Amino acid sequence: MDCRRSAVNSTSSTPLNPFSNKYIIMVKAYELRGLPKEELLKTLAENRKQLAELHVAKVTGGAPSKIAKIKQVRKNIARTLTVHNQQQKEGIRKASAGAKYISKDLRVKKTRAIRRALTKEQKAKKTLKQTKKDTHFPMRRYAVKA
């Protein structure tokens, strides 16, 4: 078993809260994706609370081990927020699946130049004058002697 993930209290056989002051585990994004929205927000609140405690410890001259944990907690918050935002966006995508227009934040980003470029149909269109010219003066075909 991984010692980081199985934090067990010495007095009882029940696992400790992974977000308590004693143990800070790195949350994995694939683990967070399986959680419901309420659980994600609860995890986020616990991480933020812990970050505030660590900042207080830093100001009051806490142990270097606590100060070193700030980076890990911040990364956990970022991972949680990323998964939450991805889930929200996926939900909006499903809700607006059959709509005529797609929300701007759901559209494909590509590049500004590609987004403003003419479509294939627009590129293929010809003016009336050009179509007449093409019909009345077609390309000449030459027979080449080998």
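Residues numbered from 1 in each chain as written. Predicted model: local features only at pLDDT ≥ 70, side-chain atom pairs only at ≥ 80, totals over all residues. Heavy atoms only, no water.

## Digging into the packing of helix H2 (residues 37-59) against helix H3 (residues 64-95)
One can describe the packing of H2 onto H3 by two numbers: an axis separation of 9 Å at closest approach and a directional angle of 155°. When the axis of H2 is compared with that of H3, the two are roughly antiparallel. Seen along the crossing, H2 lies across H3 with a hand that is left-handed. Residues of the contact of H2 with H3, tallied by class, amount to 12 nonpolar, eight polar and six charged. (Axes fitted to C-alpha atoms, helices over the stretch in contact; angles between N-to-C directions. Helix = DSSP H or I, 4+ residues; strand = E, 2+ residues; numbered from the N terminus. Parallel < 35°, antiparallel > 145°, perpendicular 65-115°, else oblique. Left-handed = near helix turned anticlockwise from the far one by under 90°. Nonpolar A, V, L, I, M, F, W, Y, C, P; charged D, E, K, R; others polar.)

## Focus: the pattern of salt bridges
Counted according to the given criterion, the structure contains two salt bridges. In this structure, Glu39 and Lys42 form a salt bridge, with 3.8 Å as the shortest nitrogen-oxygen distance. Of this pair, Glu39 and Lys42 both sit in helix H2, three residues apart, which is roughly one turn of the helix. Judged by relative accessible area, which is 33%, Glu39 ranks as partly exposed. Overall, Lys42 belongs to the partly exposed group, its relative accessible area being 44%. Across the pair Lys126 and Asp134 runs a salt bridge whose closest N-O atoms are separated by 2.7 Å. The class for Lys126 is exposed, based on a relative accessible area of 52%. (Salt bridge = Lys/Arg side-chain N within 4 Å of Asp/Glu carboxyl O. Buried < 20%, exposed > 50% of the residue type's maximum accessible area, 1.4 Å probe, protein only.)

In short, the description is geometric, and any link to function would need to be established separately.
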